[in-house]
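Each chain, written out:
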Amino acid sequence: MRRRAATVLLLGTLALPVGACGGGGPASQTGPAAGTRMRGDGIRYTLPAGWHAAAHSLTPHLVNPRELLTVGTGALPAGGRCAQFPSAALGAMRPRDVLLTVQERYGSTGSFPRRPSPFVLPPAEQTEAESCAGPHPAFASHWFEFRDGGRGFHVLVAVGRAAPRERVREAVAVLDSLRIARRRPVLINGDEALPYDKPGRGIQVFLPIGWRVYGQPLTQAISGRNQIALGTFPLHQRRPDTNCTPASAFRAMRPADGFIYMFEIDGLSRRTLDRVPPRPPRLRLPRSPQPYECMGPANWMVRFRDGGRAFQAHIYGPPKRRRDALAILDSMRIRPLR
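Residues numbered from 1 in each chain as written. Predicted model: local features only at pLDDT ≥ 70, side-chain atom pairs only at ≥ 80, totals over all residues. Heavy atoms only, no water.

Undergrad: Can you walk me through the overall build of the chain in this structure?
TA: When helices and strands are tallied, the chain shows 6 helices and 16 strands. Computed over the C-alpha atoms, the radius of gyration of the chain is 22 Å, within 12% of the 20 Å expected from 2.2 N^0.38 for a compact globule of 338 residues. Each of the 338 residues in the chain was classed as buried or not, and the buried ones make up 51%. The contacts of the chain with a sequence gap of at least 6 include a subset with a gap of at least 24, amounting to 65%. Carbon and sulfur atoms make up 53% of the accessible area of the chain, which amounts to about 15700 Å² in all. With 48 positive and 24 negative side-chain charges, the chain shows a spacing of 4 Å between the two charge centroids. (Helix = DSSP H or I, 4+ residues; strand = E, 2+ residues; numbered from the N terminus. Rg over C-alpha atoms; globule rule 2.2 N^0.38 Å. Buried < 20%, exposed > 50% of the residue type's maximum accessible area, 1.4 Å probe, protein only. Contact = heavy atoms within 4.5 Å. Areas by Shrake-Rupley, 256 points an atom, 1.4 Å probe, with all protein chains shown as cover. Lys, Arg positive; Asp, Glu negative; His and termini not counted. Charge placed at Lys NZ, Arg CZ, Asp CG, Glu CD.)

Undergrad: When you look at the environment of Tyr292 in this model, what are you seeing that I'm missing?
TA: Structurally, Tyr292 can be placed in the loop between helix H5 (270-275) and strand S14 (300-306). For Tyr292 and His314, which are 22 residues apart along the polypeptide, the C-alpha to C-alpha distance reads 9.2 Å. Those residues in contact with Tyr292 that lie beyond four places of it in its chain are Asn299, Met301 and His314.

Undergrad: In this structure, what is going on with the environment of Arg254? I would like to understand it.
TA: Its place among the elements puts Arg254 in the loop between helix H4 (247-252) and strand S13 (259-265). Along the sequence, Arg254 and Gln84 sit 170 residues apart, while their C-alpha atoms lie 36 Å from each other. Excluding residues within four positions of it along the chain, Arg254 makes contact with Thr232, Phe233 and Pro234. Here Asp257 takes part through its side chain, which lies 2.7 Å from a polar atom of the side chain of Arg254. (Polar contact = N/O pair within 3.5 Å; in protein donor to acceptor, adjacent residues only side chain to side chain.)

Undergrad: Hey, could you run me through the packing of aromatic side chains in this one?
TA: For any two aromatic rings, the description comes down to two numbers: the centre-to-centre distance and the angle of the planes. Summed over all chains, the structure comprises 14 aromatic pairs. An angle of 80° between the planes, with centres 5.7 Å apart, marks the rings of Phe85 and Trp143 as edge-to-face. Of this pair, Phe85 sits in the loop between strand S4 (66-72) and helix H1 (87-91) while Trp143 is found in strand S6 (residues 139-148), placing the two residues 58 residues apart along the sequence. Taken together, the ring pairs connect Tyr214, Phe233, Phe250, Phe259, Tyr261, Phe263 and Tyr316 into an aromatic cluster. The residue whose ring lies beneath Arg322 is Trp300, and the NZ or CZ to ring-centre distance is 3.9 Å. (Phe/Tyr/Trp six-rings, centres within 6.5 Å; stacked < 30°, edge-to-face > 60°. Lys NZ or Arg CZ within 6 Å of the ring centre and 35° of its normal.)

Undergrad: Help me understand the side chain of Ser248 in this model?
TA: Following the sequence through the fold, Ser248 ends up in helix H4. What Ser248 contacts, discounting residues up to four positions off in sequence, is Leu235, Gln237 and Asp241.

Undergrad: What exactly am I supposed to notice about unusual backbone geometry here?
TA: Residues other than glycine predominantly adopt negative phi, and peptide bonds predominantly adopt the trans conformation. Asn64 connects to Pro65 through a cis peptide bond whose omega is 5°. Looking at the element boundaries, Pro65 is found in the loop between strand S3 (52-53) and S4. Residues Ser117 and Pro118 are joined by a peptide bond in cis, for which omega reads 0°. Note that Pro118 resides in the loop between strand S5 (98-105) and helix H2 (128-133). Even without a glycine there, the phi angle at Asn243 is positive, about 65°. With respect to the helices and strands, the residue Asn243 is situated in the loop between strand S12 (227-231) and H4. Of note, the phi angle at Cys294 is positive, near 75°, even though the residue is not glycine. Mapped onto the elements, Cys294 comes out in the loop between H5 and S14.

Undergrad: Help me out: how do you make sense of the side chain of Gln103 in this one?
TA: Inspection of the secondary structure assignment puts Gln103 in strand S5. Look at Gln103 and you get buried, because its relative accessible area is 3%. A polar side-chain atom of Gln103 sits 2.9 Å from the main-chain carbonyl oxygen of Gln84. If near-sequence neighbours (up to four positions away) are discounted, Gln103 is found in contact with Leu62, Pro65, Arg66, Glu67, Leu68, Gln84, Trp143, Gly152, Phe153 and His154.

Undergrad: How do you make sense of the sheet that holds strand S1 (residues 37-40) when you look at a structure like this?
TA: Strand pairing within a sheet occurs via backbone hydrogen bonds; the two strands may be parallel or antiparallel. Read from one edge of the open sheet, 3 strands run S1-S2-S8, paired in antiparallel fashion. In this open sheet, the two strands that pair with only one neighbour each are S1 and strand S8 (179-180). (Pairing = 2+ DSSP bridges.)

Undergrad: How should I be thinking about the nonpolar core in this particular structure?
TA: Most often, soluble globular proteins have nonpolar side chains that are buried together. In terms of nonpolar packing, the biggest core is built from 29 residues, with Leu230, Ile260, Met262, Ile328 and Leu329 touching the most fellow members. Of all the secondary structure elements, the ones that give two or more residues to this core are strand S10 (203-207), S12, S13, S14, strand S15 (309-316) and helix H6 (319-330). Among the elements that make up this core, the one with the highest residue count is H6 (5 residues). The contacts of Ile328, once residues within four sequence positions are left out, are Ile188, Val205, Phe206, Leu207, Pro208, Trp211, Leu230 and Ile260. Core analysis: the next-biggest nonpolar cluster, separate from the first, contains 26 residues, Met38, Leu69, Leu100 and Phe119 among them. (Core = buried A, V, L, I, M, F, W, Y, C linked by side-chain atoms within 4.5 Å.)

Undergrad: Just to check I follow, could you spell out empty space enclosed by the protein for this structure?
TA: A water-sized probe rolled over the atoms picks out the places where empty space is left. Taken as a whole and judged by the stated rule, the model has 4 cavities of 30 Å³ or more. Lining the largest cavity are Tyr196, Lys198, Val213, Tyr214, Gly215, Gln216, Pro217, Gly224, Gln227 and Ile228. Only strand S9 (194-198), strand S11 (212-214) and S12 provide two or more residues apiece to the lining of the largest cavity. A class-by-class count of the residues in the lining of the largest cavity yields 5 nonpolar, 4 polar and 1 charged. (1 Å grid on protein atoms, 1.4 Å probe; cavity = no way out; pocket = protein on both sides within 12 Å on 5 of 7 lines; lining within 4 Å. Points joined across faces, edges and corners; volume = space filled by probe spheres on them. Nonpolar A, V, L, I, M, F, W, Y, C, P; charged D, E, K, R; others polar.)

Undergrad: Mind showing me how you'd approach the sheet that holds S10 here?
TA: Pairing is antiparallel in the open sheet, where 3 strands are placed in the order S9-S10-S16. Because the sheet does not close on itself, it has two edges, and the strands there are S9 and strand S16 (333-334). Here S10 pairs with S16 via 2 bridges, running antiparallel. Within S16, the residue paired with Ile203 across the bridge is Ile334.

Encoded structure:
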């Protein structure tokens, strides 16, 4: 198995890759029946007769990659011995069962091959899936990757030792039925990109290792729900700074650190919003830093609109940190709020 498949990032961490195995969980209920067009995170597919889908993630501690779908012909319990595979479901497979799971790898997709048309399963190989399933696994693993719509995916097709060929063809048909919504590519290394979702704000951003999110509001002048602050240094701040300057962050930041202080500008009229430049495919910084009111040391500012929403971000740090900051901002997925 390739090294990429063994990288597991657990919920609640924003800096470190962790070990591969995790604890079990409750059994997952199955979703809609065969023939139903499934939807989720921009993914649609069709189930053949005799197949069913897990209604919830069978790998709830897996963050990057993240499980998008798991379907099969047998039981689909959640949890198991390893966090990176639907281990309990693999362990529950009977010799005639087939199981398919698709995981999305967040980050750059340059190493992923293009989506084939049609899909063809590669030869079976020994993977970690067998050891995660427990002693005497009843299946062989077909593991591969592809990219589509600016996104990268890992696929495991576990085929029972006595599975009919028709079941294997049906698994391939599920893959061929995939319709994948295009996403803005993420330029951060896929083995390091950590997703962060701003609670209740329809914003997802990806961080490289070494960066963190400061969850608390940094200033009183802007609503906490509209602030997003990220950096490379520890920040122990109990209450927002008075006025509009994130002074505590500036005191904690060292010369080699990077810092992004971003906020949403809401309440704009349609006419004023239209004056904000639309978000380009790739953001670019001004040629030189400038002083801005409330924004402390000279910094680089970008302003854009996306999804009917307006944002302003101030970037601090040496060149490498500024490159990281642009990759982070370019990775943002912004959902319209209304």
